[in-house]
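For reference, the chains in residue letters:
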Amino acid sequence: MLLLLAFVTTAAVPPADERALRLIKVYDDICLNRFLDDKAVEAMMVARGARELSQSDVKVTMLDDPARAWDLNDKGATLWIEYPPFHACSVRWSAPDIGNLDAYRAIAKTYENAIGGFVPIKPWDDDQGDIHIHAVGETRTLPDRTSESLFFFEQRITDPKRRAAGETGFSLRFVHQYAPPEPPAVN
């Protein structure tokens, strides 16, 4: 998969997309190729010189969900591991715009095609206060009824006053998640 990304980066890339490409490479290397092995992810964070976030910082984002996170030394970009019941690896960052995500789509497609069984997830939109969240992705159901999913999330401020004050960027994240089975429907 990294060979595909190397090809993509040889073309002229606008500066705004260079950071996204770096973070897509991190996601590919760590979240798609090392995760579910949490020890391998932790070792890679040490090898990269990433700074682990304090549990109080992690709690701001994850509330009571068990997790760890590291600052990737790339203008606030972070890597997160969420522990079961939802076991996930994600790369998160803020950007002035969404940018070109063709490289992300390429690595996701390569990963999904190699394994098979992935189907698109209905796009998800939600407003939480004055933040709008949009997610797209693909999922597959495993034999034990758990699921594996790849997601792309974008979040943006919708409040007109905050946007007028300059909060017009996006919070972006790529997520590789294993989820427990859906509970049976109650009649």
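Residues numbered from 1 in each chain as written. Predicted model: local features only at pLDDT ≥ 70, side-chain atom pairs only at ≥ 80, totals over all residues. Heavy atoms only, no water.

Novice: Please explain the nonpolar core as it appears in this structure.
Specialist: In globular proteins that are soluble, nonpolar side chains generally tend to be buried together. Formed by 38 residues in total, the largest nonpolar core has its most connected members in Y27, L79, V91, W93 and Y104. Of all elements in the fold, only helix 2 (15–32), helix 3 (38–47), strand 3 (78–82), strand 4 (87–95), helix 5 (102–115), strand 7 (147–157) and strand 8 (170–179) reach the threshold of two or more residues within this core. When residues in this core are grouped by element, the largest group, nine residues, is from helix 2. (Core = buried A, V, L, I, M, F, W, Y, C linked by side-chain atoms within 4.5 Å. Buried < 20%, exposed > 50% of the residue type's maximum accessible area, 1.4 Å probe, protein only. Helix = DSSP H or I, 4+ residues; strand = E, 2+ residues; numbered from the N terminus.)

Novice: Got a minute to help me understand the state of the cysteines in this structure?
Specialist: Note: disulfide means a covalent bond formed between the sulfur atoms of two cysteine side chains. Under the definition given, this model contains one disulfide. Linked covalently through their sulfurs, C31 and C89 form a disulfide whose S-S length is 2.1 Å. Linking C31 and C89, the disulfide has an S-S dihedral of approximately -65° and is accordingly described as left-handed. Of this pair, C31 sits in helix 2 while C89 is found in strand 4, placing the two residues 58 residues apart along the sequence. Per residue, the accessibility class of C31 equals that of C89, and both read buried. (Disulfide = S-S within 2.5 Å.)

Novice: Please explain the packing of aromatic side chains as it appears in this structure.
Specialist: One pass over the full model with this rule turns up ten aromatic pairs. Taken together, a centroid distance of 6.3 Å and an interplanar angle of 65° make the contact between Y111 and F118 edge-to-face. A ring pair is formed by F152 and F174, whose centres lie 5.5 Å apart and whose planes are at 40°; its orientation type is tilted. With a gap of 22 residues between them, F152 in strand 7 and F174 in strand 8 connect regions that are remote in the sequence. Classification of F174 by relative accessible area gives buried; the value is 0%. Cluster of aromatic residues (ring-pair linked, three or more members): Y27, W93, Y104, F152 and F174. A cation sits over an aromatic face here: R92 above W80, 4.9 Å from the ring centre. Above the ring of F153, the side-chain terminus of R173 is found at 4.1 Å from the ring centroid. (Phe/Tyr/Trp six-rings, centres within 6.5 Å; stacked < 30°, edge-to-face > 60°. Lys NZ or Arg CZ within 6 Å of the ring centre and 35° of its normal.)

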